[in-house]
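Single-letter residue listing:
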Amino acid sequence: ANPNAMRERMQSGGFVLVAYQADVLVGMLEFFLPDCIAMLFVAIEHQGIAKELLAQTISKVRGSNPDLSRLTVHSSPYAEPIYQKMGFRKTGNVTTENGITYIPMELLLKDESA
């Protein structure tokens, strides 16, 4: 969540989507090229905020890259069940790099031209 690192990712074609309810920030998703979700946070659970942010991300990315076949994420162990509920699957073992523990996951996207 380093602001300078986020700025660099945004300048390389990434973006951040945010969700508000009554002028209160309730969620955010950061995406960077070519296919990676960097961060996904919601303040209110079980409201569909994460699913909607994901759907909006897929729509936005598909607009500029219709051939995109997957999204990836390095999920925290805590968030793994949430990503699984949204259709992601593990692609590797729990890993720790630079003091950060994560699980590599991917979401295979349906071919919209089929």
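Here, every reference points to the structure presented above.
On a predicted model such as this, the values are computed, not experimentally measured, just so you know.

Engineer: Help me out: how do you make sense of the layout of surface pockets in this one?
Structural biologist: Empty space among the atoms becomes visible once a probe the size of a water molecule is rolled across them. Put simply, the largest pocket is a space of about 970 Å³. Along the wall of the largest pocket there are 30 residues; nearest its centre are Leu40, Ser75, Ser76, Ala79 and Tyr83. Counting residues per element, the lining of the largest pocket draws most heavily on strand β3 (residues 36-42), which supplies six residues. A class-by-class count of the residues in the lining of the largest pocket yields 18 nonpolar, eight polar and four charged.

Engineer: Is there a simple way to explain the pairing of strand β4 (residues 70-75) in this structure?
Structural biologist: Looking at chain direction, β3 and β4 are connected through two bridges and run parallel. Residue pairing in the sheet places Ile37 in a bridge with Val73 of β4. With six bridges connecting them, β4 and strand β7 (residues 100-108) associate as antiparallel partners. Bridging from a neighbouring strand, Arg70 pairs with Leu108 of β7.

Engineer: Explain the packing of aromatic side chains here, please?
Structural biologist: Geometrically, a pair of aromatic rings is defined through the distance of the ring centres and the angle of the planes. Within this structure, the stated rule accounts for two aromatic pairs. With a centroid separation of 5.2 Å and an interplanar angle of 25°, the aromatic rings of Phe15 and Phe31 are classed as stacked. Linking Phe15 in strand β1 (residues 15-21) with Phe31 in strand β2 (residues 24-32), this pair joins segments that are 16 residues apart in sequence. Residues Phe15 and Phe31 agree in their burial class; the two are buried.

Engineer: When you look at the environment of Thr101 in this model, what are you seeing that I'm missing?
Structural biologist: Checked against the element boundaries, Thr101 lands in strand β7. For Thr101, a relative accessible area of 34% gives the class partly exposed. Between the C-alpha atoms of Thr101 and Ser76, which are 25 residues apart in sequence, the distance is 6.4 Å. Discounting residues that sit within four places of it in the chain, Thr101 has contacts with Ser75, Ser76, Pro77, Val94, Thr95 and Thr96. A distance of 2.9 Å separates polar atoms of two side chains, one belonging to Thr101 and the other to Thr96.

Engineer: Can you walk me through a nonpolar patch on the surface in this structure?
Structural biologist: Nonpolar side chains collect at one region of the surface, where Val16, Val18, Tyr20 and Leu25 lie side by side and expose about 370 Å² of accessible area between them. Per-element tally for the nonpolar patch: the top contributor is β1, with three residues. Relative to the assigned elements, Val16 resides in strand β1. Of the residues examined, Val16 reaches a relative accessible area of 32% and is grouped as partly exposed.

Engineer: Just to check I follow, could you spell out the pattern of salt bridges for this structure?
Structural biologist: Once their charged atoms are close, side chains differing in charge can pair, the charge on each being opposite to the other. With the rule as written, the count across this model stands at three salt bridges. Across the salt bridge formed by Arg70 and Glu106, the nearest N and O atoms sit 2.9 Å from each other. Placement of Arg70 in strand β4 and of Glu106 in strand β7 is noted, with a sequence separation of 36 residues between them. Judged by its relative accessible area of 8%, Glu106 falls in the buried class. Residues Glu106 and Arg89 are paired through a salt bridge, measuring 2.5 Å at the closest nitrogen-oxygen approach. Note that Glu106 is positioned in strand β7 and Arg89 in strand β5 (residues 89-90), a separation of 17 residues in sequence. Among the charged side chains, a salt-bridge network with shared partners connects Asp35, Arg70, Arg89 and Glu106.

What counts as what
Residues numbered from 1 in each chain as written. Predicted model: local features only at pLDDT ≥ 70, side-chain atom pairs only at ≥ 80, totals over all residues. Heavy atoms only, no water. 1 Å grid on protein atoms, 1.4 Å probe; cavity = no way out; pocket = protein on both sides within 12 Å on 5 of 7 lines; lining within 4 Å. Points joined across faces, edges and corners; volume = space filled by probe spheres on them. Helix = DSSP H or I, 4+ residues; strand = E, 2+ residues; numbered from the N terminus. Nonpolar A, V, L, I, M, F, W, Y, C, P; charged D, E, K, R; others polar. Pairing = 2+ DSSP bridges. Phe/Tyr/Trp six-rings, centres within 6.5 Å; stacked < 30°, edge-to-face > 60°. Buried < 20%, exposed > 50% of the residue type's maximum accessible area, 1.4 Å probe, protein only. Contact = heavy atoms within 4.5 Å. Polar contact = N/O pair within 3.5 Å; in protein donor to acceptor, adjacent residues only side chain to side chain. Patch = residues over 30% accessible without salt bridge, like charges linked within 9 Å, V, L, I, M, F, W, Y side chains within 5 Å. Areas by Shrake-Rupley, 256 points an atom, 1.4 Å probe, with all protein chains shown as cover. Salt bridge = Lys/Arg side-chain N within 4 Å of Asp/Glu carboxyl O.

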